[in-house]
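Here is what each chain is made of, one letter per residue.
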Amino acid sequence: MEWTRGPVLGRGSSATVSAATSTSGDVFAVKSVEFSQSESLRKEQHFLSILKSPHVVSYKGCDVTREQKNFVYNIFIDYMSGGSITDQINKRNGEGLTNSEIASYTRQIVEGLDYIHSNKVVHCDIKGGNILVQEDGGVKIGDFGCAKWDDQEAPVCGTPMFMAPEVARGEEQGFAADVWALGCTIIEMATGVSPWPNADDPVAILYRIAFSEEIPEIPNWISGQAKDFVSKCLTRDPRQRWTTKQLLDHPYVRKIDENSKQIACEKIGTDSPTSILDQDVWNSMEESSSTSSVGVEFAQSDSLSKSVRQRIKQLADKSEMPEWRCEKWESEWITIRMNGDGDGKATSGAVTGGGRWRWIES
Ligand SMILES: Nc1ncnc2c1ncn2[C@@H]1O[C@H](COP(=O)(O)OP(=O)(O)OP(=O)(O)O)[C@@H](O)[C@H]1O
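Conventions used here
- Residues numbered from 1 in each chain as written.
- Predicted model: local features only at pLDDT ≥ 70, side-chain atom pairs only at ≥ 80, totals over all residues.
- Heavy atoms only, no water.
- Disulfide = S-S within 2.5 Å.
- Helix = DSSP H or I, 4+ residues; strand = E, 2+ residues; numbered from the N terminus.
- Buried < 20%, exposed > 50% of the residue type's maximum accessible area, 1.4 Å probe, protein only.
- Near = heavy atom within 4 Å.
- Polar contact = N/O pair within 3.5 Å; in protein donor to acceptor, adjacent residues only side chain to side chain.
- Areas by Shrake-Rupley, 256 points an atom, 1.4 Å probe, with all protein chains shown as cover.
- Nonpolar A, V, L, I, M, F, W, Y, C, P; charged D, E, K, R; others polar.
- Domains from an automatic or database assignment.
- Salt bridge = Lys/Arg side-chain N within 4 Å of Asp/Glu carboxyl O.
- Arc of directions from axis to C-beta.
- Contact = heavy atoms within 4.5 Å.

(A) Spatial organisation of the state of the cysteines. In this structure the tally under the stated criterion is one disulfide. The partner cysteine of Cys146 in its disulfide is Cys157, sulfur to sulfur 2.0 Å. Note on the Cys146 and Cys157 pair: the S-S dihedral is about -60°, so by sign convention the disulfide is left-handed. You can see Cys146 sitting in the loop between strand S8 (139-141) and strand S9 (148-149) and its partner Cys157 sitting in the loop between S9 and helix H4 (165-168), a full eleven residues away along the chain. According to the relative accessible area criterion, Cys157 is buried, its value standing at 1%. In this structure Cys62 is a free cysteine whose sulfur lies 20 Å from that of Cys146, the closest cysteine sulfur available. Cys233 forms no disulfide, and the closest cysteine sulfur to it belongs to Cys184, at a distance of 9.1 Å. Taking the relative accessible area as the measure of exposure, Cys233 reaches 0% and is therefore buried.

As C-alpha cells, this is what we get:
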C-alpha cells in the first residue's frame, strides 16, 4: 500500500500520531515511532489486530518505513476527528464535559472495556487521553501500548494518577484496575482535571493511593446515580470493585440511548460529513491549502464540515506542532511505499523500552 503522511494529530510519551491518506483515497491515522523504540507500539499492534469492537479503535495494518535515514514503525488505525477526551477538555479551556456527554461516553467505555475483558485482555492505561472521540459522539478505546493478557506476568504499566491501590502497591494489575481507572476517568471528564490534586508529584500521589484509605474526590455536582456508579469503580478492594458486566447493568448507564449520544454529538458539531474518510474532505483541505498565505484559512467548501475545519485549524494552531504549515502543504506530506502486502510484521531490530511510565521494583 502506498500512503502519504499528513499533519500531526497528537503526540504521546511514546509515539506521534499523524493523519494519513492512501492512494485509494482512504483517510486514516498513523501512529509512528522509531523502530528501535517500538516495543510498546508493536505490543499495541498485537492487541489491536485481535480486538474488533465498535468501542475499540480499529486496526488497519502496519509497516516499517525509512524516513530521514531512520527506520520508523507505523501502525494504521481509525482517524478519530475529535481527538481524545482530554483534547476535548483542553479545547474547552479545561472545563469538564456536560453530564449527558459524561453518561454517554461512560456507557461506551464500559461496553468497550467489557469486550476487552471478555477477550482476557487488560488495557492497563485507561484515562481521558486514551479515549478517542468521533464526530457523531461515539468514543473508542485506544492506546494499547500497556495492555497485557490477564494471566500474563508483566511489569506494572500506566499513568500514576489513574492507578488502582493494588497496582500502586505493585501487587497485581488485572481487570479491576481498568475499572478503577474508569472511575478516575469519569472524574477527569466531570472536573477537567486530574482525579487527584497535586498532579505534579506522582510519587506522593502513588504513596497515597497505595497506602491510605482515600479515594479521589467525587464531584458533588454530578447526579446521585453517577456518584454511585463512580463509587462502585473506586472501591479500594479489587475483589469488592464492580466488574464491567455489573457496571453495564447500573442504572446510570443502563438507560443511555440514542438521545444522549445525540447530545454528545451536538458539542462536537453536527454538520459533519458522513465520514471523515470522504475523499472530498481531503480534496477541500488541499484546495484551501493552496490559497492560504499565512497560517491556515480553509476555504468555506460545503464538503468540508465546520467541525473538521475547526479540528484541523486547532491542530495547526498548536505550538507543539510547528512542522505543519499550510503554505508548505505539498512539501510537508511524505509519500511512503510499504514493502510487502500491508500486514507486514516487523521482526528485526534492537528493542528498547518506550517512554511510557513503568513501575520498577527495587
Ligand atoms: N486515531 C486517532 N485519531 C486522531 N487523533 C489521535 C488518534 N490516536 C491518537 N490521537 C491523538 O494523538 C495523541 C497521542 O496518542 P496516543 O495516546 O495513542 O500516544 P501514546 O504515545 O501511546 O500516548 P501515551 O502518552 O499515553 O503513551 C492522543 O492524545 C490524540 O490527541
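Back to the text.
(B) Representation of the site of the ligand within the structure. Within the structure, the ligand sits among 23 residues, and Ser13, Lys31, Asp78, Asp87 and Asp143 are positioned closest to it. A distance of 2.7 Å separates an oxygen atom of the ligand from a polar backbone atom of Ser13. Across the complex, the protein chains shield 92% of the 620 Å² of accessible surface that the ligand would expose by itself. Those elements giving two or more residues to the shell around the ligand turn out to be strand S1 (2-11) and strand S3 (27-34). Examining the composition of the shell around the ligand, we find that three residues originate from one element, S1, more than from any other. Residues of the shell around the ligand, tallied by class, amount to eight nonpolar, seven polar and eight charged. For the shell around the ligand, the domains that each give at least three residues are domain 1 (3-77) and domain 2 (85-263).

(C) Layout of the pattern of salt bridges. Evaluation of the coordinates by the stated rule reveals 14 salt bridges. Among the ionic pairs, Arg5 bridges to Glu67, the shortest N-O distance being 2.7 Å. Linking Arg5 in strand S1 with Glu67 in strand S4 (residues 59-67), this pair joins segments that are 62 residues apart in sequence. Accessibility classification places Arg5 together with Glu67 in one group, the buried group.

(D) Quick look at helix H6 (residues 202-211). Along H6, the residues classified as buried are Ile205, Leu206, Ile209 and Ala210. All buried residues of H6 project into a common sector of 130° when viewed along the axis, lining one side. Of the exposed residues in H6, those oriented more than 90 degrees away from the buried face are Val203, Tyr207 and Phe211. Buried residues in H6 make contact with H4.

(E) The arrangement of the side chain of Glu67 in detail. The exposure class of Glu67 is buried, given its relative accessible area of 14%. Among the polar contacts made by the side chain of Glu67, one reaches the side chain of Thr65 at a distance of 2.7 Å.

(F) Structural view of the environment of Gln108. Positionally, Gln108 belongs in helix H3 (residues 99-118). The exposure class assigned to Gln108 is buried, which follows from its relative accessible area of 6%. Residues Gln108 and Glu39, spaced 69 residues apart in sequence, show a C-alpha to C-alpha distance of 29 Å. When near neighbours in sequence (up to four residues on either side) are disregarded, Gln108 contacts His55, Gly137, Gly138 and Val139.

(G) Examining the environment of Thr191 more closely. One can find Thr191 in helix H5 (residues 175-191). In this structure Thr191 comes out as partly exposed when scored by relative accessible area, which is 23%. For Thr191 and Pro219, which are 28 residues apart along the polypeptide, the C-alpha to C-alpha distance reads 7.3 Å. Those residues within four positions of Thr191 in sequence are excluded, and the remaining contacts are Gly94, Gly96, Pro219 and Trp221. Within the structure, the side chain of Thr191 is placed 3.2 Å from the backbone nitrogen of Val193, a separation counted as a polar contact.

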